[in-house]
Amino acid sequence: MNLNKTFINSLTFDGVEKTYFDDVLKGFGVRVGKSSASYIVMYRNVYGKQKKITIAKTTQIAPAQARDEAKKILALVVQGKDPASDKIEKRKEMTVADLADKFLTDRKPRIKASSFAVYSASVRSQILPAFGNRFIKELRRADVQKFYNDLVGGAYMDRRGYPADHKFVAAANHARKTLCSMYEFAIRNDWADMNPAIRLDTISTAKRMVFLDEKGFVKFGNILQIKHEREETVRSIFILLALTGCRRSEITTLKWEYVDFDNQAFRFPDTKTGAQNRPFGSAAKRYLLALKEKNGDPTEGFLFKPAVTAKMPAYFATHVKPEIGITGFCLHALRHSFASMAAALGYSDNIIAGLLGHHINTITNRYTHLTEKVVVDAANVVSEKIAELIGV
């Protein structure tokens, strides 16, 4: 019989599953079942074992297309291959979603919770929507290059609040690095042979060195007085960032138990670079004591309620950033500003590194050991100068 369109349309299920084979192309047939009919190919592999492979349902492709696919399958059989087994093995191959799950499980106990959250966000928001169902061995550099270019243009990004021509370079770079790390993990475990996320044409992100000078600090203080008179908690966070040079997360998650008033130091159990003792100045101490007397111990030992600190970036973007009038000004710029003020007051790189909790990897630094008192003395001078400028 000739498996043409007329014959296929005449087939009906009569209560028993039946297979009809083509007279011309040996092994090519149609299987008619209760719910559907499908094109199939029957063949024997090199070991003489009979195999069957389903091409598609008769409602999905025309008989001529099915015949062409059958010819391709039978050509592979002639070459000694086993298409049915290959198809099963293909189903067992690891997808990008499988790799992402294994990668995140491996990384979670090895990295900080904040870093894990950033990895997870890239995987969930960008990598899985683009490649989740793809097999890791089929992904090529051209696929990832296109993915990167699309990310820069705003694909898979939350565009709310951004101008139409905004380029998401930083987010694209991070997603590429995350995918690159995933593939390096796969290579180490012999799941993949190559990394398609390396040697791409990427865009470098310029380092932001925005900071406030003395006039800038005065303006910053005036803005806080006017714009945040009803937002005392937010205002307090901004002031402590300015007076201490701490990172945003270090202040928003600060607990009273970390504050050593006697020695003027924050005893951070964990920071970006691990546990750390960070000196703070006399102006910061004075402000912290007033804050403690006023607010006490509000929420499980935290200086600030998490619900309020979560809203702080929006307050900054709405009330402070537009008024300060400096392109690229952000909360982290207050840390740069603290360092800049210390430099303007004549302190060395070693002292400034001590104030910020940085490590300097130089030969000189290996033989230079600063006492906490020396750094506290510097913190006193810097914080008092900034306090004077911002009016606290």
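Rules of the game
- Residues numbered from 1 in each chain as written.
- Predicted model: local features only at pLDDT ≥ 70, side-chain atom pairs only at ≥ 80, totals over all residues.
- Heavy atoms only, no water.
- Salt bridge = Lys/Arg side-chain N within 4 Å of Asp/Glu carboxyl O.
- Helix = DSSP H or I, 4+ residues; strand = E, 2+ residues; numbered from the N terminus.
- Buried < 20%, exposed > 50% of the residue type's maximum accessible area, 1.4 Å probe, protein only.
- Pairing = 2+ DSSP bridges.
- Axes fitted to C-alpha atoms, helices over the stretch in contact; angles between N-to-C directions.

Could you give an account of the pattern of salt bridges, naming the residues involved and the relevant values?
Considering all chains together, one arrives at 18 salt bridges under this definition. A salt bridge links Glu 17 to Arg 31, with the nearest nitrogen and oxygen atoms 3.9 Å apart. Here Glu 17 is found in the loop between helix H1 (5-10) and strand E1 (18-21), whereas its partner Arg 31 is found in strand E2 (residues 28-32), with 14 residues between them in sequence. Overall, the relative accessible area of 52% leaves Glu 17 in the exposed class. Between Lys 385 and Glu 214 there is a salt bridge; the shortest N-O distance is 3.8 Å. Taken as a pair, Lys 385 in helix H17 (residues 372-390) and Glu 214 in helix H8 (residues 214-227) lie far apart in primary sequence, 171 residues in all. Each member of the salt-bridge network shares a partner with another, and the members are Asp 106, Arg 107 and Arg 110.

So what's going on with the sheet that holds strand E3 (residues 37-44)? Which residues, and what values?
Strand order in the open sheet made by the four strands is E1-E2-E3-E4, with antiparallel pairing throughout. Unpaired on one side and paired on the other, E1 and strand E4 (50-57) mark the two borders of the sheet. Strand-to-strand twist of the sheet, defined as the mean angle between neighbouring strand axes without regard to direction, takes the value 30 degrees. As paired strands, E3 and E4 are joined by seven bridges and run antiparallel to one another. The residue bridging Tyr 39 from the neighbouring strand is Ala 56, located in E4.

Describe the pairing of E1, and please don't skip the residues or the numbers.
Consecutive residues of a regular strand have side chains that alternate between opposite faces of the sheet. The pairing of E1 with E2 spans four bridges and is antiparallel. In the strand pairing of E2, Lys 18 is matched with Val 32. Following E1, the chain reverses through six residues before pairing antiparallel with E2; Gly 27 in that reversal takes a positive phi of roughly 100 degrees.

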